[in-house]
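So the chains spell out like this:
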Amino acid sequence: QVKLVESGGDVVQPGRSLRLSCVVSGFSFSNNAMHWVRQAPGKGLEWMAVISFDGSKKDYGDSVKGRFTISRDNSKNTVYLQMNSLRVDDTAMYFCAKPYSGTYIFDEWGQGTLVTVSS
Amino acid sequence: DIQMTQSPSNLSASVGDTVSITCRASQSITNWLAWYQQKPGKAPKLLIYDASILESGVPSRFSGSGSGTEFTLTISSLQPVDFATYYCQQYKTYSPTFGGGTKVELK
């Protein structure tokens, strides 16, 4: 059974940093790219970042490029999202998502972790 | 980025109705389109990919069609469990984008 479990969400002040984690099980993590997608309260879905299966390639959405960093530890079946210089509009539920191999079709999602940026 | 526009944003329907949701892309995405269902407080669930391929385990009352810039998700004989918000997503580019969502509510 595939499982993705995010953690690390919290209430933080603008300008601060936070690191999210997503631990996965039930599939070959080291053979899969992984993504982060977020959803602001009451809003739609926004793709954030992707990391290749071996961590050698990364890409980001324009709204977080230069502030957020995606990484992974294949020995721990974990993908991370380091979020720096947080802004009020980063407030959202953050989901990690597994794609079908070689695609950007998200067939498995975690339950999400909530990040609130507020002074 | 490719913009995805869904309509309507809200839809009221009764159990047993057939409903359709439209998703339009700002440029051609061929058939690189997925549909997701999301219930309150839950993660999205993949329903359809490549515009018309039903994800394993998804009931056959869900169907997808379209190509290029216009796509449709149809739910035949709406069931109580189908009341949710639906999102389309393009994955033609390496910067995937989602539609704004369509909330299907009980009339």
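The coordinates are above.
My aim in this report is to walk through the structure given alongside it, one point at a time. (Residues numbered from 1 in each chain as written. Chains lettered and ligands numbered in written order. Predicted model: local features only at pLDDT ≥ 70, side-chain atom pairs only at ≥ 80, totals over all residues. Heavy atoms only, no water.)

Overview of the environment of Val23(A)
All names here are of chain A.
So, step 1. Residue placement: Val-23 occurs in strand S3 (residues 18-25).
So, step 2. For Val-23, a relative accessible area of 42% corresponds to the partly exposed category.
So, step 3. Through-space distance from the C-alpha of Val-23 to that of Lys-3 is 8.1 Å; in sequence the pair is 20 residues apart.
So, step 4. In contact with Val-23, not counting residues within four places along its chain, are Lys-3, Leu-4, Val-5, Lys-76, Asn-77 and Thr-78. (Helix = DSSP H or I, 4+ residues; strand = E, 2+ residues; numbered from the N terminus. Buried < 20%, exposed > 50% of the residue type's maximum accessible area, 1.4 Å probe, protein only. Contact = heavy atoms within 4.5 Å.)

With respect to the pattern of salt bridges
Residues and elements named next belong to chain A.
So, step 1. Scanning the model with the defined rule gives nine salt bridges over all chains in all.
So, step 2. Residue Arg-38 is joined to Glu-46 by a salt bridge in which the shortest nitrogen-to-oxygen separation is 2.8 Å.
So, step 3. For Arg-38, a relative accessible area of 5% translates into the label buried.
So, step 4. A residue is classified by how much of its surface remains accessible, and Glu-46, at 31% relative accessible area, is partly exposed.
So, step 5. One salt-bridge network, in which partners are shared between bridges, spans Arg-38, Glu-46, Arg-67 and Asp-90. (Salt bridge = Lys/Arg side-chain N within 4 Å of Asp/Glu carboxyl O.)

Some thoughts on the state of the cysteines
Residue and element names in this part refer to chain A.
So, step 1. Per the stated rule, a full pass over the model turns up two disulfides over all chains.
So, step 2. Between the sulfur of Cys-22 and that of Cys-96 lies a disulfide, 1.9 Å long from S to S. Torsion about the S-S bond of the Cys-22 and Cys-96 cystine: about 55°, corresponding to right-handed handedness. Here the residue Cys-22 occupies a position in strand S3, and Cys-96 occupies one in strand S9 (residues 92-99), the gap between them amounting to 74 residues. Considered together, Cys-22 and Cys-96 belong to a single accessibility category, that of buried residues. (Disulfide = S-S within 2.5 Å.)

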